[in-house]
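Here is what each chain is made of, one letter per residue.
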Amino acid sequence: MSASQTSDVPTLLVKIFGKDRPGITAGLFDTLAAYSVDVVDIEQVVTRGRMVLCALVTPPPAGLEGDLRATVHSWAESMKMQAEIISGLGDNRPRGLGRSLVTVLGHPLTAESTAAIAARITKAGGNIDRIFRLAKYPVTAVEFAVSGVETEPLRTALATHAAALGVDVAVVAAGLHRRAQRLVVMDVDSTLIQDEVIELFAAHAGCEDEVAEVTAAAMRGELDFEQSLHARVALLAGLDASVVDKVRSEVRLTPGARTLIRTLKRLGYQVGVVSGGFTQVTDDLKDRLGLDFAQANTLEIVDGKLTGKVTGEIVDRAGKARLLRRFAAEAGVPLAQTVAIGDGANDLDMLNAAGLGVAFNAKPVVREAAHTAVNVPFLDTVLYLLGVTREEVEAADTHDED
């Protein structure tokens with residue numbers, strides 16, 4: 001039956017609300033079953049132990065509606081619940097074209113920012129069809145199902161205001177592809193790990209401050225990455241190769257990194273890293289974390305010493321985007337179903353090439369250009385942008401402990 005046909009069919013909206021406990025849903029439908037009604041729609045929400053259960057049903061046979069109403073109210077009272085029954089026509093109106101999922105992360109999520117996001121959705125021509133909480137820890141994450149406006153203009157409308165509101169917002173097209181098998185590729189330095197690897201090497205060479213200054217300028221986009229890479233690596237000439245093991249032991253994973261990767265792998269995602277750093281560290285991370293792909297620059301070592309040079313193809317801004325495409329092809333994943341995560345200017349091409357580019361605690365130039373930004377220090381919050389709930393994350397953790 002078409003939407004126009006169902007819009008004229010009489011229906012009853014039965015709403016039950018009160019303290020949540022087992023048996024309420026079964027009890028309501030057992031009560032309704034005695035009147036031979038058909039179920040058109042069901043919605044149930046539980047918030048702080050209080051439930052709201054709505055059932056849209058067809059009317060009972062002629063002459064029995066009054067009896068149905070009395071019976072439902074009597075049953076609700078016996079369960080210490082409240083009931084409301086509203087007569088009307090049809091179902092929900094058809095949703096507008098253009099369906100998106102808007103994920104909002106707040107730490108905390110304030111009423112002011114929620115009001116502003118909802119207002120921007122409305123101003124963009126969208127209608128909020130449903131709101132669902134994804135997580136309450138380590139951030140509050142909620143998802144708005146929105147219709148009536150295409151994804152790209154909605155993303156643009158919300159992104160320009162998110163930072164000012166103190167929240168992170170991601171907008172993706174709704175549909176089955178969102179939870180299809182994907183590929184997630186991330187930067188390493190200051191993304192997967194808290195450190196800049198070259199600065200860890202520089203600390204052993206006694207030139208940490210000089211290298212850090214060049215690194216910062218390169219990440220801001222003020223210097224050509226390849227030139228800055230060669231200049232910084234040259235300062236490492238003469239270091240004993242044994243320093244590689246020391247640096248590996250000094251690397252600190254970003255909070256939530258293990259949880260992110262473990263959960264993605266449980267959900268069937270493939271995960272890779274690309275880095276302007278060095279294979280001497282990324283290969284170790286690949287083994288430790290069970291990554292599917294890893295590519296970085298390689299420090300040249302001759303006679304047990306670092307030569308101050310790199311070998312092979314340079315992994316720079318363009319190289320990261322190229323590797324994303326290569327990994328996607330090898331994984332058999334369309335580029336539109338890839339996710340890229342990074343923090344620096346040399347990640348921009350990769351972020352823009354991916355189906356969803358996430359700027360993680362990034363520099364301003366990166367936040368402005370990426371599809372979305374995460375500005376909390378927990379890497380696993382990226383999962384919420386993919387629609388993964390905290391319960392699913394914890395289930396993956398529990399499974400690994402078994």
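What counts and what doesn't
- Note that residues are indexed from 1 along each chain, following the sequence as it is written.
- This being a predicted model, a pLDDT of at least 70 is required before a residue's local features are given, and a value of 80 or more before pairs of side-chain atoms are given or counted; all residues contribute to the totals for chains, interfaces and linings.
- To obtain the side-chain values, all non-hydrogen atoms of the structure were included, while hydrogens and water were left out.
- UniProt positions are given in the numbering used here, feature names are shortened, and annotations may be inferred rather than shown by experiment.
- Salt bridges are identified by distance alone: a Lys or Arg side-chain nitrogen within 4 Å of an Asp or Glu carboxyl oxygen.
- Counting from the N terminus, the helices are the DSSP runs of H or I reaching at least four residues and the strands are the DSSP runs of E reaching at least two.
- Using a 1.4 Å probe on the protein chains alone, a residue whose accessible area is under 20% of its type maximum counts as buried, one over 50% counts as exposed, and one in between counts as partly exposed.
- Strands were regarded as paired on the criterion that DSSP finds at least two bridges between them.
- Each axis is a line fitted through C-alpha atoms, taken for helices only over the stretch in contact, and angles between the N-to-C directions span 0 to 180 degrees.
- Contact between two residues is taken to exist if any of their heavy atoms lie within 4.5 Å; hydrogens are not considered.
- To pair, rings of Phe, Tyr and Trp, with the six-membered ring standing in for Trp, must have centres within 6.5 Å; the planes then decide the type, stacked if under 30 degrees apart, edge-to-face if over 60, and tilted in the middle.

The name recorded for the chain in an unreviewed UniProt entry is phosphoserine phosphatase, from Streptomyces hokutonensis. The Sequence similarities (unreviewed entry) comment attached to the chain in UniProt states, word for word, "Belongs to the HAD-like hydrolase superfamily. SerB family." The heading Cofactor (unreviewed entry) in the UniProt record of the chain holds the text "Mg(2+)".

Bringing the pattern of salt bridges into the picture now. Applying the stated criterion across every chain yields a total of 16 salt bridges. Across the pair R317 and D349 runs a salt bridge whose closest N-O atoms are separated by 2.9 Å. Taken together, the residues span a long stretch of sequence, with R317 in helix 12 (residues 317–331) and D349 in helix 13 (residues 348–353) at a distance of 32 residues. When its relative accessible area of 35% is taken as the criterion, R317 is described as partly exposed. Given the relative accessible area of 29%, D349 is considered partly exposed. One salt bridge connects D343 with K363, and the closest N-O pair in it is separated by 2.8 Å. Taken as a pair, D343 in the loop between strand 13 (338–342) and helix 13 and K363 in the loop between strand 14 (356–360) and helix 14 (364–369) lie far apart in primary sequence, 20 residues in all. For K363, a relative accessible area of 23% gives the class partly exposed.

Across the sheet, which stays open at both edges, the four strands sit in the order 2-3-1-4 with antiparallel pairing between neighbours. The sheet is open, and its two borders are formed by strand 2 (39–47) and strand 4 (82–89), each paired with just one other strand. With strand direction ignored, the average angle separating the axes of adjacent strands in the sheet is 15°. Strand contacts of helix 2 (residues 24–33): strand 1 (10–19), strand 2 and strand 3 (50–57), with the helix running at about 30° to strand 3, the strand carrying the most contacts. This element, helix 3 (residues 65–78), spans strand 1 and strand 4 of the sheet and lies at about 155° to strand 4.

Inspection of the entire model under this criterion finds two aromatic pairs. Ring geometry for F201 and F278: centres 5.9 Å apart, planes at 85°, overall edge-to-face. Residue F201 is found in helix 6 (residues 197–205), and its partner F278 is found in strand 10 (residues 270–278); the two are separated by 77 residues along the sequence. Under the relative-accessibility criterion, F278 is labelled buried at 1%.

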